[in-house]
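# Breakdown of the fold
Here are the chains, one letter per residue:
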Amino acid sequence: MLEAIQLAASGMEANEGGPFGCVIVKNGVIVGRGNNRVTQDNDPTAHAEVVAIRDACQHLNSFQLDDCILYTSCEPCPMCLGAIYWARPKEVYYACTKADAAAVGFDDQFIYDEIELPLSGRRIPMSQFMQKEGLRVFKAWDEKPDKIEY
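Residues numbered from 1 in each chain as written. Predicted model: local features only at pLDDT ≥ 70, side-chain atom pairs only at ≥ 80, totals over all residues. Heavy atoms only, no water.

Right, let's talk about the overall build of the protein chain for a bit. Within the protein chain, the secondary structure is distributed over seven helices and four strands. For the protein chain, the α and β elements follow one another from N to C terminus as α-β-β-α-α-β-α-β-α-α-α. C-alpha atoms of the protein chain, sized along the principal axes, occupy 50 × 40 × 25 Å. When the 150 residues of the protein chain are sorted by exposure, 30% land in the buried category. A separation of at least 24 residues holds for 46% of the contacts in the protein chain among residues at least 6 apart in sequence. Of the roughly 10,100 Å² of accessible surface on the protein chain, a fraction of 57% belongs to carbon and sulfur atoms. Within the protein chain, one finds 14 positive and 22 negative side-chain charges whose respective centroids are separated by 9 Å. (Helix = DSSP H or I, 4+ residues; strand = E, 2+ residues; numbered from the N terminus. Buried < 20%, exposed > 50% of the residue type's maximum accessible area, 1.4 Å probe, protein only. Contact = heavy atoms within 4.5 Å. Areas by Shrake-Rupley, 256 points an atom, 1.4 Å probe, with all protein chains shown as cover. Lys, Arg positive; Asp, Glu negative; His and termini not counted. Charge placed at Lys NZ, Arg CZ, Asp CG, Glu CD.)

A word on the pairing of strand E2 (residues 29-35). As defined by bridge partners, strand E1 (residues 21-26) adjoins E2 across six bridges and the pair is classed as antiparallel. Bridge pairing in E2 links Cys22 to Gly34. Hairpin remark: E1 followed by E2, antiparallel, with two residues in the connecting loop; positive phi at Asn27, about 55 degrees. (Pairing = 2+ DSSP bridges.)

Turning next to the environment of Ala46. Inspection of the secondary structure assignment puts Ala46 in the loop between helix H2 (38-41) and helix H3 (48-60). Sequence spacing of Ala46 and Ser73 is 27 residues, and the spatial spacing of their C-alpha atoms is 15 Å. Other than its neighbours up to four places away in sequence, Ala46 contacts Asn35, Asn36, Arg37, Val38, Asp41 and Val51.

Turning to the nonpolar core, a few remarks are in order. By size, the foremost hydrophobic cluster in this structure holds 16 residues, and its most contacted members are Cys22, Ile24, Ile53, Leu65 and Leu70. The set of elements that each furnish at least two residues to this core consists of E1, H3, strand E3 (68-74) and helix H4 (78-87). Counting residues per element, this core draws most heavily on H3, which supplies five residues. Residues within four places of Cys22 in sequence aside, it is in contact with Ala4, Leu7, Gly32, Arg33, Gly34, Ala48, Glu49, Ala52, Leu70, Tyr71 and Thr72. (Core = buried A, V, L, I, M, F, W, Y, C linked by side-chain atoms within 4.5 Å.)

Where a strand is regular, its side chains alternate between the two sheet faces. Most of E1 is tucked away: five of the six residues are buried. Here E1 pairs with E3 via five bridges, running antiparallel. Pairing of Val25 across the sheet is with Ile69, part of E3.

Assignment of secondary structure puts Ser73 in strand E3. Taking the relative accessible area as the measure of exposure, Ser73 reaches 6% and is therefore buried. Apart from residues no more than four positions distant in its own chain, Ser73 is found in contact with Met1, Ala4, Ile5, Ala8, Pro19, Phe20, Gly21, Ala95 and Cys96.

Note on backbone geometry: most residues besides glycine have negative phi, and most peptide bonds are trans. Of note in the backbone geometry, Asn27 takes a positive phi value of approximately 55 degrees without being a glycine. Relative to the helices and strands, Asn27 is located in the loop between E1 and E2. Phi at Asn42 takes a positive value of approximately 50 degrees, unusual for a residue other than glycine.

Let us now look at H4. Along an α-helix, residues three or four positions apart point the same way, because every turn accommodates 3.6 residues. For H4, the full list of buried residues reads Pro78, Cys80, Ile84 and Ala87. Buried positions along H4 lie against H3, E3, strand E4 (91-96) and helix H6 (109-116). Following H4 by one or two positions, Arg88 adopts a phi angle in the positive range, close to 65 degrees.

Another point: the side chain of Asn35. Relative to the assigned elements, Asn35 resides in strand E2. In terms of polar contacts, Asn35 uses its side chain to reach the side chain of Glu16, at 2.8 Å. (Polar contact = N/O pair within 3.5 Å; in protein donor to acceptor, adjacent residues only side chain to side chain.)

Written as structure tokens, this is what we have:
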């Protein structure tokens, strides 16, 4: 956890992004590191957890983090939480809470609130079209004999 907190501090001090850091450990060895790089990379998805997941998956040559433990300097935001569930580590530890993050300007509550709303009530309009065409690709996936399941 201290390494994750140090990554948060060093990334923040280098103006790479907000004060967030993450490490991923497998069998007692750090296999992935990340700090928030949103402003450095001009990438709103470059949160510490996502950067660390990408790093770990590259080092492990896998799209999942089987038997890994994720240590993050702050309770994951909704996007990172989704990424963590897709990556499937066995455990997650965090230092600060989402309330601690909100207190210094990183308040994700509006996203949690939006998720609960019907699509028609969300701030960003979302409309469905071309479902028939989209379903053709899903059908092809369903019938693909050599697909890699995940």
